[in-house]
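Structure at a glance
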Amino acid sequence: MKTKKILRMNPGIGLFLVGIFILSKPAPAQLLTFALNDLPETSELKLSDIGAMEISYIPLETSDVSRNISINKAIFTKSHILIHFYNEIYLFRTDGSFVTRIGSVGKGPGEFTTAHSVDIDARIGTVYVADGWQKKYLVFDLEGNFVRSFKAPIQAAVDFRLIGSRILSYHFNILGNITDSYILLDTLGKVIRRFPNKYSWKSAGVINNLHLLGENLFYNYNGKIIKGEMYSDTLFTYEAGRFEPYRIIYQGEYRIDPEIRTENSDDIFRKVYIPMNLFECSHYLFYEFLSPDRKETEPLIFIGSNKSDLKVVVNPVKGLTNDLDGGPGFWPKTSSDDNTLVSWVDAGDLKKHIAGEEFKRAVVANTEKKEELRKLADSLKETDNPVLILVRLKK
């Protein structure tokens, strides 16, 4: 199953190792600052080290329509789980039962050439899909029926988040021609506000169309939309029509700037951190990135606490050691709420792990949960859909 984000390459999965990180001094504005300009040596980390209390599994139902599913993004509401992998969009209930597939590839009503981004409006029960190449948003109900579409203001690869009856969109500056990075729309496509691009760059005489999926990273936390743009160390919340400074991820010379972006794209991976994922859960910030200082091509994940001195950088191959029930290593992907981490594993990989010696020898906090996991693995076929893993953290 292909679950990795694709930049220019397909990073694999390597040993999940961890190193203690030091919290930097507060910035002048007193924003909480995490320093990533000097990565430490690595050591191991367990789920219990970050306050994990409970673990649960949600097998995604396999059917004729929902078969061989891959996952790039999982979005949770109280009743549904929206799964997105490039042009494949599926809706499940929170128990893993399959509901419907959303949309299809094409140029007709209810069709898209590329599903750049998706979100779900839990207030009224609709799914939004953005097709930046066709300059349109598509709206579906929770049964998969196409409802309507409306025009997008820019033809460009796009990411977006719903904010009530508004859409905050980001337009990827792949060719160096985007003048407005963020645009606020209503759900009929009317432009409410434009936010000019602060990080312009131009091609230096060569074709430079590298698409970095981490150019902008949105996430929801504590009832707010937060964004990180790769040209800035500062994260911002979006509140009342404006962006407010929130936290700082200091990357020093490893931060991408417009000058580096203008250079030949082949050099980028050898000079700077390439952002891939960003989110918060409980009192931890999770930042996934590629580092030019590491021989391996696998991404690293920085985990920093806003309450304790825990600051670690991890290599997500084996995952955080699962000392709750002995399951496979846990690679934090997103959160289902402000206190629950989410990851996923292939059904075949889960079965292989449970049949191995590592699981048999694992000393766990809950032997009953270990036996439940063994029974779950036995009930699965290797060709079944992925299994979501939810880890509840202490508040």
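A few points on the structure.

Reading the values: rules and limits
- Residues numbered from 1 in each chain as written.
- Predicted model: local features only at pLDDT ≥ 70, side-chain atom pairs only at ≥ 80, totals over all residues.
- Heavy atoms only, no water.
- Phe/Tyr/Trp six-rings, centres within 6.5 Å; stacked < 30°, edge-to-face > 60°.
- Buried < 20%, exposed > 50% of the residue type's maximum accessible area, 1.4 Å probe, protein only.
- Pairing = 2+ DSSP bridges.
- Helix = DSSP H or I, 4+ residues; strand = E, 2+ residues; numbered from the N terminus.
- Axes fitted to C-alpha atoms, helices over the stretch in contact; angles between N-to-C directions.
- Polar contact = N/O pair within 3.5 Å; in protein donor to acceptor, adjacent residues only side chain to side chain.
- Contact = heavy atoms within 4.5 Å.
- Core = buried A, V, L, I, M, F, W, Y, C linked by side-chain atoms within 4.5 Å.
- Parallel < 35°, antiparallel > 145°, perpendicular 65-115°, else oblique.
- Left-handed = near helix turned anticlockwise from the far one by under 90°.
- Nonpolar A, V, L, I, M, F, W, Y, C, P; charged D, E, K, R; others polar.

**Side note on the packing of aromatic side chains**
This model, assessed by the stated rule, comprises 21 aromatic pairs. Consider the rings of F279 and F286, whose centres lie 4.8 Å apart with planes at 10 degrees: the pair is stacked. Taking the relative accessible area as the measure of exposure, F279 reaches 4% and is therefore buried. Between Y287 and F289, the aromatic rings sit 5.3 Å apart at their centres with planes inclined by 20 degrees, giving stacked as the arrangement. Judged by its relative accessible area of 4%, Y287 is buried. Note on F289: relative accessible area 0%, which makes it buried. Three or more aromatic residues link up through ring pairs in this structure, and these residues are Y170, F172, Y182, F195, F218, Y238 and F243.

**What to know about the sheet that holds strand β20 (residues 234–239)**
By way of backbone hydrogen bonds, the strands of a sheet pair with one another, either parallel or antiparallel. Strand order in the open sheet formed by five strands is β2-β21-β20-β19-β18, and the pairing between neighbours is mixed. Only two strands of the sheet have a single partner each, and these edge strands are β2 (32–35) and β18 (216–221). Pairs of neighbouring strands in the sheet enclose a mean axial angle of 30 degrees, with direction left out of account. In this sheet, strand β21 (residues 242–250) lies alongside β20 in antiparallel orientation, the contact comprising six bridges. In the strand pairing of β21, T234 is matched with I248.

**Structural notes on the side chain of S343**
For S343, the location among the structural elements is in strand β27 (residues 340–345). A relative accessible area of 2% places S343 in the buried class. Within the structure, the side chain of S343 is placed 2.6 Å from the backbone oxygen of W331, a separation counted as a polar contact. Those residues in contact with S343, other than ones at most four positions away along the chain, are F330, W331, K333, V387, L388 and I389.

**A word on the nonpolar core**
Core analysis: the biggest nonpolar cluster contains 52 residues, and Y219, L285, F289, I303, L341 and V391 have the highest contact counts within it. Sort the elements by how many residues they give to this core and strand β23 (residues 284–290) lands first, with five residues. Residues in contact with L285, not counting those within four places in the same chain, are F34, Y219, L235, R247, I249, L278, F279, E280, F302, I303 and G304.

**Some details on the packing of helix α2 (residues 347–355) against helix α4 (residues 367–379)**
Between α2 and α4, the least distance of the axes is 9 Å, while the angle of their chain directions is 130 degrees. One way to sum up the angle between α2 and α4 is to call them oblique. With respect to the hand of their crossing, α2 and α4 are arranged in left-handed fashion. On the side of α2, the interface is formed by L350, K351 and I354, while α4 contributes L373, R374, A377 and D378. Residue composition of the contact of α2 with α4, grouped by class: four nonpolar, no polar and three charged.

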